[in-house]
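# Analysis of the macromolecular model
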Number of protein chains: 2
Amino acid sequence: MSTKPYKGFEPKWIKEAAPKDSYRSIFRWGDPNFVKYPKESLYKMMKDKFIMTDDDFRDYPVDIGWETVQLTQKSNMDEKHLKFFREVVGDAYVSTADYNRLAVAYGKTAYDLLRLRERKIDSLPDVVIYPDTTEQVEKIVAYCTENDIPLYVYGGGSTVTRGVEPIKGGVSLDMRMRFNKVISFNEVDQTITVQAGMSGPKLEETLNNAVENFGAKRAYTCGHFPQSFEYSSVGGWTVTRGAGQNSTYYGCITDIVLSQKYATPIGNFKTSHYSREATGPNLNQIMMGSEGTFGVLTEVTLRIFRYMPENRKRFSYIFKDWKTAMDAGREMMQCECGFSSVFRLSDPEETNLMLRLYNVDETPLWKLLDVTGFKDMERCLFLGFTDGEKGYSANVAKNIRRIAKKYGAMSLTSFVCKSWEKGRFNDPYLRDTLMDFGVTTDTLECTVNWSNMAQVHADVRKVCKALPNTIVTTHMSHCYPQGANLYFIFLTKMSSSEEFKAYHTSILDAIQKSGAAISHHHGIGKMFAPWLEGSLGRTEYGVFKALKNYFDPKYNMNPGGTIGLDLKEEDKRFMRDDIK
Amino acid sequence: MSTKPYKGFEPKWIKEAAPKDSYRSIFRWGDPNFVKYPKESLYKMMKDKFIMTDDDFRDYPVDIGWETVQLTQKSNMDEKHLKFFREVVGDAYVSTADYNRLAVAYGKTAYDLLRLRERKIDSLPDVVIYPDTTEQVEKIVAYCTENDIPLYVYGGGSTVTRGVEPIKGGVSLDMRMRFNKVISFNEVDQTITVQAGMSGPKLEETLNNAVENFGAKRAYTCGHFPQSFEYSSVGGWTVTRGAGQNSTYYGCITDIVLSQKYATPIGNFKTSHYSREATGPNLNQIMMGSEGTFGVLTEVTLRIFRYMPENRKRFSYIFKDWKTAMDAGREMMQCECGFSSVFRLSDPEETNLMLRLYNVDETPLWKLLDVTGFKDMERCLFLGFTDGEKGYSANVAKNIRRIAKKYGAMSLTSFVCKSWEKGRFNDPYLRDTLMDFGVTTDTLECTVNWSNMAQVHADVRKVCKALPNTIVTTHMSHCYPQGANLYFIFLTKMSSSEEFKAYHTSILDAIQKSGAAISHHHGIGKMFAPWLEGSLGRTEYGVFKALKNYFDPKYNMNPGGTIGLDLKEEDKRFMRDDIK
């Protein structure tokens, strides 16, 4: 992101693309040619906050990953297995090359990025396979089951839960290259069926251009836009129970998915594809959340929505304080006027940061707010936009305006919302730029009900803030009549993966103890797994084991602790019974 | 229902309440003092259709159930078990009396009613227990598990799937008497927690009067109104995955339930109570649909909605034909204007019957419709009403009007909708009155997507119509952007349970072969169980067995084929693989 030139000292931000086949090309987020770094006033604020000086930004205290990937760990896959895989997918689509193996080993939690900068390679697949068809995946799953070979899937690679990490080696299916095609489009039912490796942007572009692509009557949208959108896959959304930034209107992926096709050790099947049914426990809701541990998701049928951006109404408001803002947000969600598409409410510390990010600190508004009773570090920013049919969209915006006014909010017009939209998918770029100077940021999120929101917010922030000189911002962005998610983002001077892990653990402990659900949409993976059984309860968690034993009795599908299934007893955190 | 006096011969409709402790008092629907019988023109139409004469209505060709219940089958429950049960719930709340045992043996499918008229008692519990508290239920479940005693639950008793039938004898928990209390009410989160035996009307009344009952700020509604509302229970809604007539706006029970508490053979637990979470397979969606086979549902937390009947907009329209009506309905569901609360679209044969039921045949409108191109037995009736915040409700109604007009419909004002509302919960009364003369009516329902709706409608009706002299009406009443349910109601001269079973089987075969989901909201029970595995597929169905083996390895919870779990292999209908 190009910002105004610095007047004073400017840190040596890395603006060049990473070299081909370098470590940096793996751990760095997204488009190699896109750079984002803080504007000068924010840089100054960071220095103050983190007790750093310009000297800390003259050179890189950490590895920047410029070297070419070269591993000491060699592939242990038998030649006879490789031969089989080559026969299935073609010679060119089976690789044991160092770069290709490392490229699918880690996801995008700061723990992964720090480990890569530290050259700490805990996990690697022995072989990477690039499948093209569902039949190929089915053959590979059957073969791995028969030969007891661990099998992992790499979709978009944006997991922040170590979901894709091949802890036991074996095979990793890299879905990005070829497993990303449209299977069918049904305009009558408003559905699309795609291969699981389909990326977010490709899906959205396909739907926006449905008239050209399918001879459709109109354009459509997928309605699912996670922060990781540009590097996320439909399969990843589905198996982790993801949510997009527009979920308050379009629903989470668990609402959007209509049907799924799986290749499992005990056979291949397609789940039912009806909106609702009363035919026993819901198999779609059993498979979503399995995170690859029951088998490999091959195809997904999604509900799609009419693409009508012309009806969108943008808004932003500022509330006096967090309590008032939560009350107003709750009233908006409970008044039955329909739901806003983006609905994002920031706490005071996040509001402070966001108003700076969106340059409000450079306008007279900043002081005006203070003067009119909306005090810095008390005031709360609320922004979003509506979607849907024209009258629906207008009615939601109208009610939001009415309620905001009732709760004493001041409108900031659509300006702040537009600024947020510009940056909504590229914040992760900022992370890499800061990490070059030993400043780390990451997020944790959970679900709360309205009645325990204030308490969870306070409890978890207290633990986050126990680390001195740390910025901790919080918002809700997926809202319901009964509650919302809470997102905790921290930004601090930290450059070791072990230090990160200890801090991360303390926050997750706090979330679990607070009684919140330990994930609203990031999933569990291997990183959150130690908390899962304790969080759900032993009897409840036993259901997951029963399902695992049914689908994958030999434990070859995403093994190594994913959703806690083959986790060592000593790695588990405390049980729910102990909490309250 | 009092109608105008007949001018000609009037059948000997039974208008007196059934005698106390009689068979009739068990099989007859609802309020003993409420009677409903057809008006004279409908009676004439029935005679024509069923090739019957006044002579067929002079006396009762079938048993009318006037006798006092007296069973030959005695209770086989050991005295030591009875002693334990009495200690747990109190002496007065354990019964082995004939009447009490028969009262919980059957549900309300015509198969049950016909069997009771035939005195065909296939199943009976050995003892009926009337629990008061969750702890009592937990003790009983643990005791039955330890002593291998079959355990059944009788909630509202309105099952049409033989869901409650105690095929293996043992214990039946009759929840109606005492297990129907409010546990807690949370206005901040807009939720209520109740015991599973809470009845629909008691819940709704409790919520409508929340200001008086709980000191709440406003009145609420449960939003869930199945046809069986008056004799249904929250527990029954939940374990069967039920849906109410207003589900198009409020959602099915699977959308309304937030959390559930269970007493199972392996322990007691409460599921998570958050709107959405990404913590593995969804336990709430696993337990809903278990129909008592994993354990006994004790408490349910429901989302509640603001009660704002003042915002309701009623409508009714008539479309030229079924194809046009379906297209218009789909456009209404897909246009993203919000959703109507009741959304009910009848096919031509149902339209014919409904317009007669609502006396339109006695007005000039009947002929006017024919003249203006809305021909009898082609035209389709669409009716409903909207709910929600004032602007939301108005916008939905406005868009329905716009789309109806676009598809050439004629408005019938709100008159027909109001007539439907009057009869919406008392249609089952009509069934008993007709059955006294050997005329049987029942319904089957399924889920379809828009793209297979016309085909399923035609295929299933063809099979229904294979029985000569039968009225078969069809409607959709639970609608989604991707599809809807289809409800098939038949009315025919039939008075034997075996004849009924054969006909019912032929229709279910047709539904399964058509590719529709075999139930949208009635559930599976023991009656639909033979079709379930074939419908879902063997690998998919195996999940249910894995869950059963986990929760109830000794098969004591609702045993005897419920959701197909301990069904004999020879009782299963064909497999999905054989269908297409």
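The following paragraphs examine the structure supplied in this document. (Residues numbered from 1 in each chain as written. Chains lettered and ligands numbered in written order. Predicted model: local features only at pLDDT ≥ 70, side-chain atom pairs only at ≥ 80, totals over all residues. Heavy atoms only, no water.)

### Points about the overall build of chain A
From N to C terminus, chain A includes 23 helices and 18 strands. Taken over C-alpha atoms, the radius of gyration comes to 24 Å for chain A, in line with the 25 Å a tight globule of 580 residues would show. Considering only C-alpha atoms, chain A reaches an extent of 75 × 60 × 55 Å along its principal axes. Long-range pairs, those at least 24 residues apart, make up 77% of the contacts in chain A with a sequence separation of at least 6. Put simply, chain A shows about 20,100 Å² of open surface, and 51% of that area lies on carbon and sulfur atoms. Separation of charge centres in chain A, based on 75 positive and 72 negative side chains, amounts to 5 Å. (Helix = DSSP H or I, 4+ residues; strand = E, 2+ residues; numbered from the N terminus. Rg over C-alpha atoms; globule rule 2.2 N^0.38 Å. Contact = heavy atoms within 4.5 Å. Areas by Shrake-Rupley, 256 points an atom, 1.4 Å probe, with all protein chains shown as cover. Lys, Arg positive; Asp, Glu negative; His and termini not counted. Charge placed at Lys NZ, Arg CZ, Asp CG, Glu CD.)

### Digging into the packing of aromatic side chains
Under the defined criterion, the tally for this structure stands at 71 aromatic pairs over all chains. Ring plane angle 25° and centroid distance 5.9 Å describe the contact between Phe269 of chain A and Phe551 of chain A, whose orientation is recorded as stacked. Here Phe269 of chain A, found in strand E9 (residues 267-270), pairs with Phe551 of chain A, found in helix H22 (residues 538-551); they are 282 residues apart in sequence, far enough to count as distant. An identical accessibility class is assigned to Phe269 of chain A and Phe551 of chain A; each is buried. Residues Trp13 of chain B and Tyr37 of chain B carry aromatic rings whose centres are separated by 5.7 Å and whose planes lie at 20° to one another, so their mutual orientation is stacked. One end of the pair, Trp13 of chain B, is in the segment before helix H1 (23-27); the other, Tyr37 of chain B, is in the loop between H1 and helix H2 (40-50), and 24 residues separate them in sequence. Here the two residues Trp13 of chain B and Tyr37 of chain B agree in accessibility, since each one is buried. (Phe/Tyr/Trp six-rings, centres within 6.5 Å; stacked < 30°, edge-to-face > 60°. Buried < 20%, exposed > 50% of the residue type's maximum accessible area, 1.4 Å probe, protein only.)

### So, the interface of chain B and chain A
Contacts between the two partners involve 86 residues from chain B and, on the opposite side, 86 residues from chain A. For the pair chain B and chain A, the summed buried surface comes to about 6,600 Å²; carbon and sulfur atoms form 54% of the total. The interface formed by chain B and chain A includes four salt bridges. Linking chain B with chain A are 47 residue pairs in polar contact (both at pLDDT 80 or more), by the criterion used here. Of the residues forming the side of chain B that touches chain A, the biggest block, 10 residues, is contributed by helix H22 (residues 538-551) of chain B. Residues belonging to the side of chain B that touches chain A are distributed by class as follows: 37 nonpolar, 33 polar and 16 charged. (Buried area = accessible area lost by both parts, 1.4 Å probe. Salt bridge = Lys/Arg side-chain N within 4 Å of Asp/Glu carboxyl O. Polar contact = N/O pair within 3.5 Å; in protein donor to acceptor, adjacent residues only side chain to side chain. Nonpolar A, V, L, I, M, F, W, Y, C, P; charged D, E, K, R; others polar.)

### What about unusual backbone geometry?
Most peptide bonds take the trans configuration, and most residues that are not glycine carry a negative phi. Positive phi outside glycine occurs at Asp21 of chain A, with the angle close to 65°. On the accessibility criterion, Asp21 of chain A (30% relative accessible area) is partly exposed.

### Overview of the pattern of salt bridges
All names here are of chain A. Counted by the stated rule, this structure contains 84 salt bridges over all chains. Arg115 is the salt-bridge partner of Glu165, the closest N and O atoms lying 2.7 Å from each other. Remark: Arg115 occurs in helix H5 (residues 110-117) and Glu165 occurs in the loop between strand E3 (151-154) and strand E4 (171-174); sequence separation between them is 50 residues. The residues Glu165 and Arg115 share a single accessibility class, namely buried. Overlapping salt bridges, with partners in common, bring together Asp112, Arg115, Asp122, Arg162 and Glu165 in one network.

### A few points about helix H6 (residues 134-146) of chain B
Residue and element names in this part refer to chain B. Its 13 residues give H6 an end-to-end C-alpha distance of 18 Å, which sits within 8% of 18 Å, the value for a rise of 1.5 Å per residue. The set of residues buried in H6 consists of Thr134, Gln136, Val137, Glu138, Ile140, Val141, Tyr143, Cys144 and Thr145. Two residues or fewer after H6 comes Asp148, characterised by a positive phi angle close to 55°. (Expected span 1.5 Å × (residues − 1).)

### Here we look at the relation of the copies chain B and chain A
Mapping chain B onto chain A calls for a rotation angle of 180° and an axial translation of 0.0 Å; the resulting RMSD is 0.0 Å. These values place the two chain copies in the arrangement generated by a two-fold rotation axis. Of the interface residues in chain B, 100% have counterparts in chain A that sit at the interface too, so the contact is made through matching surfaces. (Least-squares fit on C-alpha atoms with pLDDT ≥ 70 in both.)

### Structural notes on the sheet that holds E3 of chain A
Residue and element names in this part refer to chain A. Spatially, four strands are ordered E1-E2-E4-E3 in an open sheet, and the strand pairing comes out mixed. The open sheet has two free edges, formed respectively by strand E1 (94-95) and E3, since each of these has just one partner strand. Summarising the sheet, strand E2 (residues 127-129) and E4 pair through three bridges and their orientation is parallel. In the strand pairing of E4, Ile129 is matched with Leu173. (Pairing = 2+ DSSP bridges.)

### Quick word on the packing of H2 of chain B against helix H14 (residues 348-357) of chain B
Residue and element names in this part refer to chain B. In contact at an axis separation of 10 Å, H2 and H14 are set at 145° when each is read in the N-to-C sense. Along the contact surface, H2 presents Leu42, Met45 and Lys49, while H14 presents Glu349, Asn352, Leu353, Arg356 and Leu357. Here the contact of H2 with H14 is built from residues that sort into four nonpolar, one polar and three charged. (Axes fitted to C-alpha atoms, helices over the stretch in contact; angles between N-to-C directions.)

### Regarding the pairing of E4 of chain A
Across a regular strand the side chains alternate sides, sitting on one face of the sheet and then on the other. All names here are of chain A. By the alternation rule, side chains of E4 split into Val171 and Leu173 and Ser172 and Asp174, which are all buried. In this structure, E3 lies alongside E4, joined through four bridges in parallel fashion. Considered in E4, the bridge of Tyr154 is made with Asp174.

### Looking at the side chain of Asn449 of chain A
Among the structural elements, Asn449 of chain A can be located in strand E16 (residues 439-449). With near-sequence residues (within four places) excluded, Asn449 of chain A lies in contact with Gln482 and Gly483 of chain A together with Asp189, Leu258, His273 and Tyr274 of chain B.

### A word on the environment of Arg344 of chain B
Residue and element names in this part refer to chain B. Along the polypeptide, Arg344 turns up in strand E13 (residues 342-346). For Arg344, a relative accessible area of 12% puts it in the buried group. For the pair Arg344 and Phe551, spaced 207 residues apart in sequence, the C-alpha separation works out to 39 Å. Contacts of Arg344, omitting those with residues within four sequence positions, involve Glu350, Met354, Leu381, Phe382, Leu383, Trp420, His475, Met476 and Ser477. There is a polar contact of 3.2 Å between the side chain of Arg344 and the side chain of His475.

### Some remarks on the sheet that holds strand E14 (residues 380-386) of chain B
Residue and element names in this part refer to chain B. Read across the open sheet, the seven strands follow the order E15-E12-E14-E13-E17-E18-E16; overall the sheet is antiparallel. Each end of this open sheet is capped by a strand with a single partner; those strands are strand E15 (410-411) and strand E16 (439-449). Relative to E15, strand E12 (residues 313-319) is paired through two bridges, and the arrangement is antiparallel. Looking at E15, one finds that Tyr317 is bridged to Ser411. Strands in contact with helix H20 (residues 497-514) are E16, strand E17 (471-476) and strand E18 (483-493); relative to E16, the strand with the most contacts, it is inclined by about 15°.

### Quick word on the pairing of strand E9 (residues 267-270) of chain B
Residues and elements named next belong to chain B. Where burial is concerned, the two faces of E9 differ: the one with Gly267 and Phe269 is buried and the one with Asn268 and Lys270 is not. Relative to E9, strand E8 (residues 257-264) runs antiparallel, the two being bridged by four bridges. Residue pairing across strands places Thr264 opposite Gly267, the latter belonging to E9. Where E8 folds back onto E9 in an antiparallel hairpin, the turn is made up of two residues.

### Points about helix H7 (residues 200-208) of chain A
Residue and element names in this part refer to chain A. Along H7, the residues that are buried comprise Gly200, Leu203, Glu204, Thr206 and Leu207. Within H7, the buried residues cover an arc of 160° as seen down the axis, which keeps them to one side. Looking at the buried residues of H7, the elements they touch are strand E5 (182-186), strand E6 (191-195), helix H8 (210-214), strand E7 (220-221), helix H9 (234-240) and strand E10 (296-303). Sitting at the amino-terminal end of H7 is Ser199, which places a side-chain oxygen 3.2 Å from the backbone nitrogen of Lys202. (Arc of directions from axis to C-beta.)

### Comments concerning the packing of helix H21 (residues 529-536) of chain A against H22 of chain A
Residue and element names in this part refer to chain A. Between H21 and H22, the shortest axis-to-axis distance is 6 Å and the interhelical angle comes to 125°. Judged by the inter-axis angle, H21 sits oblique to H22. Residue-level contacts link Leu532, Glu533 and Leu536 of H21 to Arg538, Glu540, Tyr541, Phe544 and Lys545 of H22. A per-class count over the contact of H21 with H22 returns four nonpolar, no polar and four charged. (Parallel < 35°, antiparallel > 145°, perpendicular 65-115°, else oblique.)

### Some thoughts on the environment of Glu230 of chain A
Residues and elements named next belong to chain A. When you line up the elements, Glu230 lands in the loop between E7 and H9. Residues Glu230 and Gly289, 59 residues apart in the sequence, show an inter-C-alpha distance of 22 Å. Ignoring any residue separated from it by four or fewer positions in sequence, one finds Glu230 in contact with Pro201, Phe425 and Tyr429.

### Overview of the side chain of His457 of chain A
All names here are of chain A. Looking at where His457 falls in the secondary structure, it is placed in helix H19 (residues 450-465). Classification of His457 by relative accessible area gives buried; the value is 8%. At 3.1 Å, the side chain of His457 and the side chain of Trp322 are in polar contact.

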